[in-house]
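# Structural features, examined
Residues per chain are reported as follows:
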Amino acid sequence: MNVALVKPTTDHALGELFAAARARLPGSGPVAEVRQSAFDNFGRLGLPHRRIEEWKYTDLRALLREIAPLAPAPDQADLARAAKAVKSLGIDSTQKLVLVDGVFAPQLSDVTALEAGVHLRTLREVLEDGGNKVRADLLQTSVASDAMISLNAALATDGVVIDVAEGAALAKPIHIVHVATDSGTSLVTRSLLKLGKGARVTFVESFVAAEGAKSYQTHDSVVIWISDEAELQHVRLMEDALDSANISTGIFTIGAKAKLNTFNLTNGGNISRYQGFITFAGEGSELTTNGVNLLGARRHGDTTLVVDHAVPHCSSREVFRSVLDDRAHSVFQGRIIVRPDAQKTDGKMMTRALLLSDEAEADNKPELEIFADDVTCGHGATVGALDESLLFYLRARGLPEKEAQALLIAAFVGEAIESIVDDNLRDFAVAAAERWLATRG
């Protein structure tokens, strides 16, 4: 009997996409070999589906019915629309680095205004120069079993490579702005950030759509190294077009006596997944990670975090909130791994979901994998509706129902948003939440 293996049509479409895109992807020789190896790895794995435990709630074979071709390089009209989208963000006093349709746009970026101690190159520039280190980092073998990371490595068109000098304390946040101007295309980007010993940095990522952009797909990865005694405040704000898809990955490695504070807000997109892989590589470090999903209609938002305590004497705190209306679906998967030698680990996570509709759905899956004895770890999860007694209390004092609900929702997500250290960024996150509340029927 002859047995033929049949792949889903989306996998075939991706194969055709890679073949068509190879000529325009930066890098040749060893870089092209790395890309081919990454795509071969993706070919073996295929698009993630519900039979893969880590993706059981986000079946991309069902949710992404077709794969869009890579977006063309932006022209002057696209750049003008992108400039308006960047301006409308309203986040001032940052060092902006703008990627338009997956291509770095120096004319929209603050290249000449970067602070001392910040060294910037584009990913395209480094790959075309044949940088061995970046080639090695392209695959990220520590999480090579993830199909979407391999796909991103194979198809990344551009990004930024940032080195922050030892001891540098930046006054302004570094801000990568991803802007989509085209419709029905894919934006595939990869960026790398390295903090030198003792550096202090605030790093922001924004995802927005220019006027008229719709039905696009974003596939982004950011790889971050935090050296010993360094501190990073990381804020990610996803406000893509409401009919778009965004599959993004953050890969963090934390040195000794370092601090990482992350916050992720999902307030857009029709299908989204943000997956974070965070590894403690040095003792005495601290992690605080918070997130908020604000979803309505039939939108699907997935936040998946894997925190790997590979060394002793480190602590992690995870706080996640989701607010769901209509038939929205929110997913939170949090895994804490404590390795055999990681004694004195202190890891905790808490996730809460607020359902504003009987048809909304929240899936929370906290996991602990503990292989050491002297640890303190725990998790909790709750799902519920707005407190009717509190609503009655507010309405009895003259507030309309929607305003009363908005106050309670703002208080619910406030604990996570308050973790943002930078006042301007915290205010922006609050404003984004208020915009979502204002759009509710």
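Under an unreviewed UniProt entry, the protein has the name Fe-S cluster assembly protein SufD and belongs to Candidatus Afipia apatlaquensis. Here is the UniProt Sequence similarities (unreviewed entry) comment for the protein, exactly as written: "Belongs to the iron-sulfur cluster assembly SufBD family."

### Details of the pairing of strand 12 (residues 271-280)
For strand 12, a buried count of nine out of 10 residues is recorded, marking the element as mostly surrounded by other parts of the structure. Bridge analysis of strand 10 (residues 245-254) against strand 12 gives 10 bridges, and the strand direction is parallel. Within strand 12, the residue paired with glycine 250 across the bridge is glycine 276. The sheet contact formed by strand 12 and strand 14 (residues 300-309) spans 10 bridges and is parallel. In the strand pairing of strand 14, arginine 273 is matched with aspartate 302.

### A short note on the UniProt feature "domain: SUF system FeS cluster assembly SufBD core" (unreviewed entry) in the protein
Following the UniProt record, the feature "domain: SUF system FeS cluster assembly SufBD core" (unreviewed entry) maps to residues 180-412 here. Taken end to end, residues 180-412 has its terminal C-alpha atoms 31 Å apart, with 9% of it in helix and 58% in strand.

### Some points on the packing of helix 8 (residues 388-395) against helix 9 (residues 401-417)
As a packed pair, helix 8 and helix 9 sit with axes 9 Å apart at the nearest point and diverge in direction by 125°. What the angle tells us is that helix 8 and helix 9 run oblique. Taken as a pair, helix 8 and helix 9 cross one another with a handedness that is right-handed. Contacts between helix 8 and helix 9 involve Leu390, Leu391, Leu394 and Arg395 from the first element and Glu401, Ala404, Gln405, Leu407 and Leu408 from the second. Tallied by class, residues from the contact of helix 8 with helix 9 come to six nonpolar, one polar and two charged.

### Some remarks on the sheet that holds strand 18 (residues 361-370)
In space, the nine strands of this open sheet follow the order 3-4-6-8-10-12-14-16-18, with mixed pairing throughout. Edge positions in the open sheet fall to strand 3 (118-122) and strand 18, since each of these has one partner strand only. Averaged over all pairs of adjacent strands, the angle between their axes in this sheet comes to 10°, without regard to strand direction. For strand 8 (residues 217-226) and strand 10, the ladder comprises 10 bridges, and the chain directions are parallel. Within strand 10, the position partnered with threonine 218 by the bridge is asparagine 246. The strands touched by helix 7 (residues 147-155) are strand 6 (186-195), strand 8, strand 10 and strand 12; relative to strand 6, the strand with the most contacts, the crossing angle is about 95°.

What counts, and where the lines are drawn
- Residues numbered from 1 in each chain as written.
- Predicted model: local features only at pLDDT ≥ 70, side-chain atom pairs only at ≥ 80, totals over all residues.
- Heavy atoms only, no water.
- UniProt positions renumbered as here; feature names shortened; annotations may be inferred.
- Buried < 20%, exposed > 50% of the residue type's maximum accessible area, 1.4 Å probe, protein only.
- Helix = DSSP H or I, 4+ residues; strand = E, 2+ residues; numbered from the N terminus.
- Pairing = 2+ DSSP bridges.
- Axes fitted to C-alpha atoms, helices over the stretch in contact; angles between N-to-C directions.
- Parallel < 35°, antiparallel > 145°, perpendicular 65-115°, else oblique.
- Left-handed = near helix turned anticlockwise from the far one by under 90°.
- Contact = heavy atoms within 4.5 Å.
- Nonpolar A, V, L, I, M, F, W, Y, C, P; charged D, E, K, R; others polar.

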